[in-house]
Amino acid sequence: MPPILLNSLPEWPEKVARFCVRIYNRCTLSRANFKLLISILRRFSFRFAVPLGALTLIAFASLTLPLTRVALTADRQQPPVVLTEQQLDLLILHGKLVDGSGKKPRTADVGIRGDRIVFAGDARKAHLNAARTIDATGLVVAPGFIDPHTHTLGDLSDSNHQSNLAYLMQGVTTVITGNDGSSVANIGETLRKWDAQGIGTNAILLAGFGTIRSRILGATDAQPSAAQLEEMKALVARAMDEGAFGMSTGLYYAPQSYAKTEEVIELSKVAAAKGGVYDTHMRDENSYSIGLLGAIKETIRIGREAKIPVHISHIKALGPEVWGQSKQSIELMKKARAEGVDVAACQYPYDASGTSLEAALVPRWAEVGGRGELLKRIDDSTVRLRLLAEMQDNLKRRGGAESLLITDARDRQLIGKRLSVIASERKQSPVEAALEIIRTTGGAGVASFNMSEKDIERFMKEKLVMTCSDGSTGHPRKYGTFTRKLREYVYHRRLISLPFAVRNSSALTAEWFRIPERGLIREGYFADVIVFDEKTVSDRATYEQAEVLSVGMKYVIVNGKLAIDNGSYTGALAGRALRKQVQNRER
Ligand SMILES: [Zn+2]
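Below: a short report on this structure. All values reported here derive from a predicted model rather than from experimental measurement. (Residues numbered from 1 in each chain as written. Predicted model: local features only at pLDDT ≥ 70, side-chain atom pairs only at ≥ 80, totals over all residues. Heavy atoms only, no water.)

### A closer look at the pattern of salt bridges
Using the criterion set out here, one finds 39 salt bridges in the structure. Among the ionic pairs, D115 bridges to R576, the shortest N-O distance being 3.1 Å. Of this pair, D115 sits in the loop between β2 (106-113) and β3 (116-121) while R576 sits in the segment after β21 (568-569); the two residues are 461 residues apart in sequence, bridging distant segments of the chain. Under the relative-accessibility criterion, D115 is labelled partly exposed at 22%. Salt bridges here are not isolated pairs; linked through shared partners, they connect E453, E457, R487, E488, R493 and D539. (Salt bridge = Lys/Arg side-chain N within 4 Å of Asp/Glu carboxyl O. Helix = DSSP H or I, 4+ residues; strand = E, 2+ residues; numbered from the N terminus. Buried < 20%, exposed > 50% of the residue type's maximum accessible area, 1.4 Å probe, protein only.)

Following this line, the structure appears as structure tokens:
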């Protein structure tokens, strides 16, 4: 006898319905016999009119008959098998639910079955129980965070780092990588590899413009012929068909910096036709070439002409010369949005960026042709003078030698020192010392202290600015972005609200990057869920010690599986390589 679904009787008073369903479901009679018994009892009650017995029987019969009918009708319609007490895999009880929509927190239970969220509400009222329950009293329950700009490509493919633990501990359950125009030649193969070996978070790839351009044109500053442009377009198309979510560029970096806007537009059109987005580390965030505002205008133009949503990665006003331009940057973006260009941005909550000494100081003309050519120019005494002079200007743009901290280098002695200190130790000017490091050891990673808090805060308050880490070796942002934003900007400074911070770290990113069924706590969505303690959630990584895991994430669930359980990593590799479902808009 199949059990009856309690909520198939919604119009009955709940207590009565529960009582009857219990009796019915525990009855071992067949349905036909049950029906017969009821009718006999009913007849008996009329014939003998025993007052008390009759009343009881009538009451019982009148309740159970329609119930039997319900069961029979339901049976004829081949109902799904449903239980009186619905059994789930995981129930998170009594949490403060911040669901990603931006709405106020509410107390609610969240139920998970398989890889999906199947319930958000009052589990007791809905008669739910689960194989595992988590008491989230006093804790925040939120959608897993989504990071739209990471450099996790290497980690995810590496069997020692595939868990992506630095991100899981921040509550990040999905990362996008292949940003800055730097990705892999074979998108499909990488996604398959991740699926086969297992990864700790979900991961999304972008097609890298730099990767594609270098393949066709090398490290030169050459402009593509019509045929070469077609080759590049075919590579973008192939990447999209293999599952890339869009195309990324890093127009600040050589050799991408040699591409004209028109070339980028042509390739972006290919991504747009397949439903992809455009993500960019802009040509300039400072005053190196076209300036911060010029670069925002270029990005908007690409969006308008290629008809593609455009995303400004790690938006910032880099360097004293452009401090304050966050205001005009936001105005430009808002104006473009009003005109129909879907422009958005992301940001990490730190006042230092992370890059290489070479990218920060060496002018792009000196990098044409790659490292071999750069070394020749350094060794040429006349070119060297011009190089040093321009590097001096760039150092000023960055805020001086004191503002560059070496975070990664082959010469380990340099790590943790400011360029100013290295220069005085070597009795050289800072740019001479920098050039020497580039020439002899292949360069170094730097934290470049170049942002003003006013600009950081102004960008952060914007509805269309997501959270992204841009995580790289040696910079604390890889280990602390999302938890630092909560600790510093939500709880300490109270600059933004918790629902706003959560939304801009989850649902907004999912919506904007067209990642289906993630980013919200909603029935039917994938069960990427985090549970954290507001009192303790925090980053721990610093510029001095950049690789320290965040704290405060009590539970992190990826596709329904616990990756972090009571603060500790479970060893689960529950992430998936996500693929864009390409819908060709071409005819
Ligand atoms: Zn970047």
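### A look at the sheet that holds strand β6 (residues 145-150)
Taking strand neighbours across the sheet as the criterion, the three strands line up as β6-β7-β8 in an open arrangement whose pairing is parallel. Every interior strand has two partners, whereas the edge strands, β6 and β8 (202-205), have only one. With strand direction ignored, the average angle separating the axes of adjacent strands in the sheet is 20°. Bridge count between strand β7 (residues 172-177) and β8: four bridges; the pairing is parallel. Of the residues in β8, the one forming a bridge with T177 is L205. (Pairing = 2+ DSSP bridges. Axes fitted to C-alpha atoms, helices over the stretch in contact; angles between N-to-C directions.)

### A look at helix α9 (residues 261-273)
Taking 1.5 Å per residue as the helical rise, α9 with its 13 residues ought to reach 18 Å, and the 18 Å between its terminal C-alpha atoms agrees with that figure. For α9, the buried fraction is high: ten of the 13 residues fall into the buried class. Buried within α9 are the following residues: T261, E263, V264, I265, L267, S268, V270, A271, A272 and A273. Following α9 by one or two positions, G275 adopts a phi angle in the positive range, close to 80°. (Expected span 1.5 Å × (residues − 1).)

### Overview of the packing of helix α14 (residues 381-398) against helix α16 (residues 430-441)
Contact geometry for α14 and α16: axes closest at 9 Å, N-to-C directions at 110°. If you check the angle between α14 and α16, you find them roughly perpendicular. In terms of crossing hand, the pair formed by α14 and α16 is right-handed. The residues of α16 that touch α14, namely those facing R384, L387, L388, M391, Q392 and L395, are P430, V431, E432, A434 and L435. (Parallel < 35°, antiparallel > 145°, perpendicular 65-115°, else oblique. Left-handed = near helix turned anticlockwise from the far one by under 90°. Contact = heavy atoms within 4.5 Å.)

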